[in-house]
Amino acid sequence: MTEPLLPPPQPAAGSRPWLGLALAAGYLLASVRLFPDDPVRTLQESLVQLLRLAPFVAGLTLFAASLLRRLTGEPLGWRRLASLYLGTGLLVEILIGLHDYLSRHQ
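What counts and what doesn't
- Once a new chain begins, its residue numbering starts again from 1 and follows that chain's sequence as written.
- Where local features are concerned, this predicted model is filtered to residues with pLDDT of at least 70; where side-chain atom pairs are given and counted, the filter is 80 or more; whole-chain, interface and lining totals use all residues.
- Only heavy atoms go into the side-chain values, all of them from the structure, while hydrogens and water stay out.
- Put simply, DSSP H or I for four residues or longer makes a helix, DSSP E for two residues or longer makes a strand, and each gets a number counted from the N terminus.
- Burial classification: accessible surface area is computed with a 1.4 Å probe over protein chains only, and a residue below 20% of its type maximum counts as buried, one above 50% as exposed, and the rest as partly exposed.
- Here, residues are in contact when the closest pair of their heavy atoms is within 4.5 Å.
- In short, Shrake-Rupley with a 1.4 Å probe defines the accessible areas, and a residue's cover is counted only from the protein chains shown.
- Only C-alpha atoms enter the line fits that serve as axes; for helices the fit covers just the stretch in contact. Angles between N-to-C directions range over 0 to 180 degrees.
- Convention used here: angles under 35 degrees read as roughly parallel, angles over 145 as roughly antiparallel, angles from 65 to 115 as roughly perpendicular, and any remaining angle as oblique.
- Handedness of a crossing follows from how the near helix is turned relative to the far one, being left-handed for an anticlockwise turn of less than a right angle and right-handed for a clockwise one.
- Amino acid classes used here: Ala, Val, Leu, Ile, Met, Phe, Trp, Tyr, Cys and Pro are nonpolar; Asp, Glu, Lys and Arg are charged; the rest, including Gly, are polar.
- By definition here, a salt bridge exists when the distance from a side-chain nitrogen of Lys or Arg to a carboxyl oxygen of Asp or Glu is within 4 Å.

> Sorry if this is basic, but what is going on with the overall build of the protein here?
Across its full length, the protein holds three helices and zero strands. Along the chain direction, N to C, the helices and strands of the protein fall in the order α-α-α. A total of 106 residues make up the protein; the buried ones form 19% of that total. Taking contacts inside the protein between residues at least 6 apart in sequence as the whole, the part at least 24 apart equals 59%. Just so you have it, the protein exposes about 8,700 Å², and 69% of that area is on carbon and sulfur atoms.

Structure (structure tokens):
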């Protein structure tokens, strides 16, 4: 039996694998636009919301990543970029959701 060429990847010290799942779940939950009597419309509006804001969130993530790269001098890994994207998306979705809710109930 031969030994593998590369050892299995080890998680980085201090890494939190649950953080990405929590951010992804929060981002998707914040993106839901609920129409209680119409599940098809809920799905449609939620997908439209995700697709409409994806370029904006990607741009904010790119800006923040380039700022962090300039400050630290090293590029971010793909896991940190994904966490940054999901965190930025969650924040934007919460703010837009609050705006939508408050503008409908005035």
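Having seen the model, we can carry on.
> Before we go on, may I ask you to explain the environment of Tyr 27 in this structure?
Its location among the elements puts Tyr 27 in helix H1 (residues 17–31). As a C-alpha pair, Tyr 27 and Val 92 span 65 residues in sequence and 9.3 Å in three-dimensional space. Other than its neighbours up to four places away in sequence, Tyr 27 contacts Leu 50, Tyr 85, Leu 86, Gly 89, Leu 90 and Glu 93.

> Help me understand the packing of H1 against helix H3 (residues 78–104), please; the structure alone is not making it clear to me.
Packed helices, taken two at a time, are described by the angle between their axes plus the distance between the axes. Between H1 and H3, the shortest axis-to-axis distance is 9 Å and the interhelical angle comes to 30°. With respect to each other, H1 and H3 are oriented roughly parallel. Crossing geometry of H1 relative to H3 is assigned as left-handed. Judged by residue contacts, Gly 20, Leu 23, Ala 24, Gly 26, Tyr 27, Ala 30 and Ser 31 of H1 engage Ser 83, Tyr 85, Leu 86, Gly 87, Gly 89, Leu 90, Glu 93 and Ile 94 from H3. Of the residues assigned to the contact of H1 with H3, the class counts are eight nonpolar, six polar and one charged.

> I keep staring at the environment of Ala 82 and nothing clicks. Help me out?
Take Ala 82: it is sitting in helix H3. Taking the C-alpha atoms as reference points, Ala 82 and Gly 20, 62 residues apart in sequence, are found 7.7 Å from one another.

> I tried to follow the pattern of salt bridges on my own but got confused; where do I start?
Where side chains of opposite charge bring their charged atoms close, a pairing between them can arise. What the rule picks out here adds up to two salt bridges. Note that Arg 33 and Glu 93 form a salt bridge whose closest N and O atoms lie 3.3 Å from each other. Of this pair, Arg 33 sits in the loop between H1 and helix H2 (39–72) while Glu 93 sits in helix H3, and the two are 60 residues apart along the sequence. Residue classification places Glu 93 among the buried residues on the basis of a relative accessible area of 1%. For Asp 100, the salt bridge goes to Arg 33, with nearest N and O atoms at 3.8 Å. Here Asp 100 is found in helix H3, whereas its partner Arg 33 is found in the loop between H1 and H2, with 67 residues between them in sequence. Classification of Asp 100 by relative accessible area gives partly exposed; the value is 22%.

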